[in-house]
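So you can see what is in the structure, the chains are spelled out below.
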Amino acid sequence: MALRKIVEQGEDCLTKVCRPVTAFNSRLHQLLDDMAETLSEANGAGLAAPQVGVLRRVCLVLDEDAEEFLELVNPEILSQSGEQTGLEGCLSVPGKWGIVTRPNVVRVRAQDRYGDWFEAEGEGLTARAFCHEIEHLDGHMYTEHIDRFLTEEELETYLEEEEE
Ligand code: ZN
């Protein structure tokens with residue numbers, strides 16, 4: 001496994017529509033392993049392949065309950081319900097945060113690293129991460145949903161309120 005460099009907003013690869021994965025080979029497994037290591041190291045809730053410069057439909061999402069990363073290859077959102085409004089950030093936009101409204105429950109369908117299809121449902125942070133990461137695969141970012149970033153003061157107030 002190896003750490004990969006996370007590209008930052010402004011780089012072309014973050015605005016492209018990624019191609020589906022068709023070969024479930026050792027190269028894909030290497031990419032997934034490297035992404036898991038990179039995501040753990042960065043302490044994030046999710047990571048999409050274009051964020052490490054690979055234009056393929058691959059992403060990882062932290063499954064809070066299982067405390068592990070879910071590997072999603074060629075993921076699609078099947079259904080979504082409810083609403084949550086909360087803090088969102090991105091490893092490609094380091095140190096910045098915004099408030100984004102997302103569905104509260106999201107069901108996805110994806111292939112695993114061997115090409116087998118499965119379905120998964122996420123709530124709260126996991127649902128937010130499903131939406132955020134799958135958007136990356138179409139060249140979109142959460143910053144398109146916000147008017148501005150939070151100031152440091154607003155961020156502190158927000159985090160204090162969430163703790164209460
Ligand atoms: Zn992101």
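Residues numbered from 1 in each chain as written. Predicted model: local features only at pLDDT ≥ 70, side-chain atom pairs only at ≥ 80, totals over all residues. Heavy atoms only, no water.

Student: In this structure, what is going on with the side chain of Glu 88? I would like to understand it.
Tutor: For Glu 88, the position within the fold is in strand S4 (residues 84-88). Look at Glu 88 and you get buried, because its relative accessible area is 3%. Looking at Glu 88, its side chain comes within polar contact range of the side chain of Arg 128, at 2.5 Å. Discounting residues that sit within four places of it in the chain, Glu 88 has contacts with Lys 96, Trp 97, Gly 98, Val 100, Arg 102, Arg 128, His 132 and Tyr 142. (Helix = DSSP H or I, 4+ residues; strand = E, 2+ residues; numbered from the N terminus. Buried < 20%, exposed > 50% of the residue type's maximum accessible area, 1.4 Å probe, protein only. Polar contact = N/O pair within 3.5 Å; in protein donor to acceptor, adjacent residues only side chain to side chain. Contact = heavy atoms within 4.5 Å.)

Student: Could you clarify how one ought to interpret the sheet that holds strand S2 (residues 58-63) in this entry?
Tutor: Pairing is antiparallel in the open sheet, where five strands are placed in the order S1-S2-S3-S6-S7. Looking along the sheet, the strands with just one partner apiece sit at the ends: strand S1 (46-48) and strand S7 (117-123). In this sheet, neighbouring strand axes are inclined to one another by 40° on average, regardless of whether the strands run parallel or antiparallel. When strand S6 (residues 105-111) meets S7, the two strands line up antiparallel, connected through seven bridges. Bridging across to S7, Arg 109 finds its partner in Glu 119. Contacting S1, S2 and strand S3 (68-81), helix H1 (residues 26-42) runs over the sheet at an angle of about 45° to S2. (Pairing = 2+ DSSP bridges. Axes fitted to C-alpha atoms, helices over the stretch in contact; angles between N-to-C directions.)

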